[in-house]
Amino acid sequence: MFFKQLATRDASLSYFFGCGGLGKAVAVDVVAGDEPWFIDEATKAQVSITHVIDTHVHADHVSGGRKLAELTGAVYCLHENAREFVHFDFESLRDEQVIVAGNVLVRVLHTPGHTLDSACLLVSDKRRSEAPWFAITGDTLFVGAVGRPDLAGREREMAAMLHDTLHAKLLALPADVEIFPGHQAGSACGAGLSGKPSSTIGFEKRWNPALSLPREEFVELLLGQIPPRPADMERIVAVNTGRVAA
Ligand SMILES: [Fe+2]
């Protein structure tokens, strides 16, 4: 398989990976303006982009996902819960669904908490093993931190949901599974993110300060450290939900 991480604007991290042998690729969390980078990388790797996925509807940057999908003929995917608030059609992702990109398998995990439509992607390369090799964790789990729970309101309830999601879906994974988050230090989407753009489940379990806390303490920690809202959030959300044009 091939795998690329793109450190882009607003401390966001995007991903492009797939199966070079069978020529299929997946783009994740594309930021508006980066579409040509993905198209160039696809040309270099001689792959076609079959799926463009946003791990959730973003509030801190305008997504380039729909545009990249249009330009390449790929399907644009969001978790099915996004139907509640998005005004355009998309391919729905469901919990435990598996996307096949040649020899690369992408298992969808629904991981609500940062938002109700948040999903993580558990990736394996059949040429190595069907076991998960890495997880793209969006704004659910960062290196050294977790996603903020307040952007859609009901922050206490969402923080508790995030705790349950993290323990049931991510921390239950084998310790050697790598994690690749949606942001690094400098992002408005969480507090205390590391500037290192990857980690492992095992390292985060031991050293991420939020992950060892019982539910109540986890909720209080998150509510006590809510960062300022992303600049221009109302407009960004209006564009990403299709209420207004970009
Ligand atoms: Fe986010």
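Attention in this report is confined to the structure presented alongside it. (Residues numbered from 1 in each chain as written. Predicted model: local features only at pLDDT ≥ 70, side-chain atom pairs only at ≥ 80, totals over all residues. Heavy atoms only, no water.)

## Observations concerning the coordination of the iron ion
When a metal holds four donors in a tetrahedron, each ideal angle between them is 109.5 degrees; when it holds six in an octahedron, the ideal angles are 90 or 180 degrees.
Phase 1: Distances from the iron ion to its protein donors, namely H56 (NE2), H114 (NE2) and D139 (OD), fall within the range 2.1 to 2.3 Å.
Phase 2: Every donor residue of the iron ion comes from the same chain, spaced as H-x57-H-x24-D. With H114 in the loop between β8 (104–110) and β9 (119–125) and D139 in the loop between β10 (129–138) and α3 (155–170), this residue pair connects regions lying 25 residues apart in the sequence.
Phase 3: Its relative accessible area of 2% is what places H114 among the buried residues. (Donors = N, O, S within 2.8 Å, 3.2 Å for Na, K, Ca; no water. Helix = DSSP H or I, 4+ residues; strand = E, 2+ residues; numbered from the N terminus. Buried < 20%, exposed > 50% of the residue type's maximum accessible area, 1.4 Å probe, protein only.)

## Here we look at the pattern of salt bridges
Working definition: two side chains of opposite charge can pair if their charged atoms are close together.
Phase 1: Applying the stated criterion to the full structure yields 11 salt bridges.
Phase 2: A salt bridge links D34 to R9, with the shortest nitrogen-to-oxygen separation between them at 3.3 Å. One end of the pair, D34, is in the loop between β3 (24–28) and α1 (35–45); the other, R9, is in the loop between β1 (2–7) and β2 (13–19), with 25 residues separating them in the sequence.
Phase 3: D34 sits in the buried class, given a relative accessible area of 9%. (Salt bridge = Lys/Arg side-chain N within 4 Å of Asp/Glu carboxyl O.)

## Thoughts on helix α6 (residues 233–240)
Phase 1: Along α6, the residues classified as buried are M233, I236, A238, V239 and N240.
Phase 2: In the core, the buried residues of α6 are packed alongside α2 (65–72).
Phase 3: Positive phi appears at G242, one or two residues downstream of α6, with a value of about 80°. (Contact = heavy atoms within 4.5 Å.)

## Digging into the environment of A7
Phase 1: Among the structural elements, A7 can be located in strand β1.
Phase 2: Residue class for A7 comes out exposed when judged on its relative accessible area of 53%.
Phase 3: Between the C-alpha atom of A7 and that of G182, which follows or precedes it by 175 residues, the distance is 9.5 Å.
Phase 4: Excluding residues within four positions of it along the chain, A7 makes contact with S12, L13 and Q184.

## What to know about the sheet that holds strand β7 (residues 98–101)
Phase 1: One open sheet accounts for 6 strands, arranged β7-β8-β9-β10-β11-β12; its pairing is mixed. Looking at which strands have only one partner, the edges of the open sheet turn out to be β7 and β12 (199–200).
Phase 2: Pairing of strand β11 (residues 178–181) with β12 involves 2 bridges; the strand directions are antiparallel. Note that in β12 the partner of I179 across the bridge is S199. (Pairing = 2+ DSSP bridges.)

## Comments concerning the nonpolar core
Phase 1: The biggest cluster of nonpolar side chains holds 22 residues, and the ones touching the most others in it are L141, V146, L166, L170, I201 and F218.
Phase 2: Counting residues per element, the ones that place at least two in this core are β9, α3 and α5 (215–224).
Phase 3: If you look at the next biggest cluster of nonpolar residues, it comprises 21 residues, including F38, V47, L78 and F88. (Core = buried A, V, L, I, M, F, W, Y, C linked by side-chain atoms within 4.5 Å.)

## Comments concerning the packing of aromatic side chains
Phase 1: With the rule as written, the count across this model stands at 14 aromatic pairs.
Phase 2: The interplanar angle of 70° and the centroid separation of 6.5 Å between the aromatic rings of F16 and W37 together place this pair among those described as edge-to-face. Placement of F16 in strand β2 and of W37 in helix α1 is noted, with a sequence separation of 21 residues between them.
Phase 3: The buried category is assigned to F16, whose relative accessible area is 0%.
Phase 4: Considering the side-chain rings of F88 and F90, the 6.3 Å spacing of their centres and the 70° angle between planes classify their relative orientation as edge-to-face.
Phase 5: Given the relative accessible area of 7%, F90 is considered buried. (Phe/Tyr/Trp six-rings, centres within 6.5 Å; stacked < 30°, edge-to-face > 60°.)

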